[in-house]
Amino acid sequence: MIEVILDTIIDIFKLLPFLFVTYLIIGWLECKAGQKWWQAITSAGRKGPVIGGALGVIPQCGFSAISSQFYSAELISMGTLIAVYLSTSDEMLPIMISYHAPITLILEILAIKLVVGIAAGLVIDLVMRKSIPEPVEEIEFEGCGCGGGSIILTALVYTGQIAFFLLIFTFGLNTIVHFIGQDTMTSLLVDSKFLGPVVAGIIGLIPNCAGSVLITELYLEHVINMGTMLSGLLCAAGVGPLMLFRINADKKETILIISVLFVIGVGVGMICPL
């Protein structure tokens, strides 16, 4: 058991420099172009799902939460919101980069999320035509601060948060593998074409970074397959759904949006080749 603890700690410490540099770059990107991105999505009109899906793929601080605020303020359509939810990578990208995952794998996952997000958003807006707001040409919105040393501080905070989750999840995963074996654990989530994606989708709906962290790690450790991972990552919209619950007056509509997100995510996971 001591060996499991030591291996877990060593593995996490190896990832810290890569996590920090990744979050530093993400913070810099948002501070340079954040306002332009937000302006683009609110002025997109009927092209909202395309713009929203594309912007969702770009790693940035809380974009799903900001999109939830825009939707509640009737600045973007339902299709645009769901496109953002489906395409956003949450914490998947920093973790995969830290684990030195192949760039082709990362691009493949991002491309699938992008295509699914845009396609779903366009179909939803086609059905819900009345929900498409008029383009807004001017908008002021405060994003993550980037004055002084706040980019470095934010990167340190995110690195610490994700390292904590990784420490807990990695220790739990190593402990389970130690006692029951990886083959047994994998069979529980992979052998059933139905159970794996459903469980992953539920985990993905956890309203913080924990869901995407766990799903990504399970995939990188070869515990789950591509379809199960996609189910979890498509449903993993960060704090966006939680923000929508808090500020959207129509709770039934909020439940509908999250249900659609879950059904699409799990459905894609079930039909995805292993």
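Use the structure listed above.
Here we summarise the structure given alongside this text. (Residues numbered from 1 in each chain as written. Predicted model: local features only at pLDDT ≥ 70, side-chain atom pairs only at ≥ 80, totals over all residues. Heavy atoms only, no water.)

### As for helix 11 (residues 226-235)
Across the 10 residues of helix 11, 10 count as buried, placing the element largely inside the fold. Between the side-chain oxygen of the N-cap and the backbone nitrogen of G227 there are 3.3 Å, and the N-cap of helix 11 in question is N225. (Buried < 20%, exposed > 50% of the residue type's maximum accessible area, 1.4 Å probe, protein only. Helix = DSSP H or I, 4+ residues; strand = E, 2+ residues; numbered from the N terminus. Polar contact = N/O pair within 3.5 Å; in protein donor to acceptor, adjacent residues only side chain to side chain.)

### Some remarks on a nonpolar patch on the surface
Taken together, the side chains of I9, F13, F164, L167 and I168 make up a nonpolar region of the molecular surface, amounting to roughly 480 Å² of accessible area. Looking at the nonpolar patch, the elements that each hand over two or more residues are helix 1 (2-42) and helix 7 (150-180). Broken down by element, the residue count for the nonpolar patch peaks at 3 residues, all from helix 7. Topologically, I168 is positioned in helix 7. Take I168: its relative accessible area is 44%, and that puts it in the partly exposed class. (Patch = residues over 30% accessible without salt bridge, like charges linked within 9 Å, V, L, I, M, F, W, Y side chains within 5 Å. Areas by Shrake-Rupley, 256 points an atom, 1.4 Å probe, with all protein chains shown as cover. Salt bridge = Lys/Arg side-chain N within 4 Å of Asp/Glu carboxyl O.)

### With respect to the nonpolar core
Within the largest apolar cluster, 33 residues are counted, with the highest numbers of intra-cluster contacts made by M96, I109, I162, L166, M226 and M229. The greatest single-element share of this core, amounting to 5 residues, is contributed by helix 10 (residues 210-220). Not counting chain neighbours up to four residues away, the residues in contact with M96 comprise A101, L105, I106, I109, T216, Y219, L220 and M229. If you look at the next biggest cluster of nonpolar residues, it comprises 22 residues, including L55, Y85, L244 and I257. (Core = buried A, V, L, I, M, F, W, Y, C linked by side-chain atoms within 4.5 Å. Contact = heavy atoms within 4.5 Å.)

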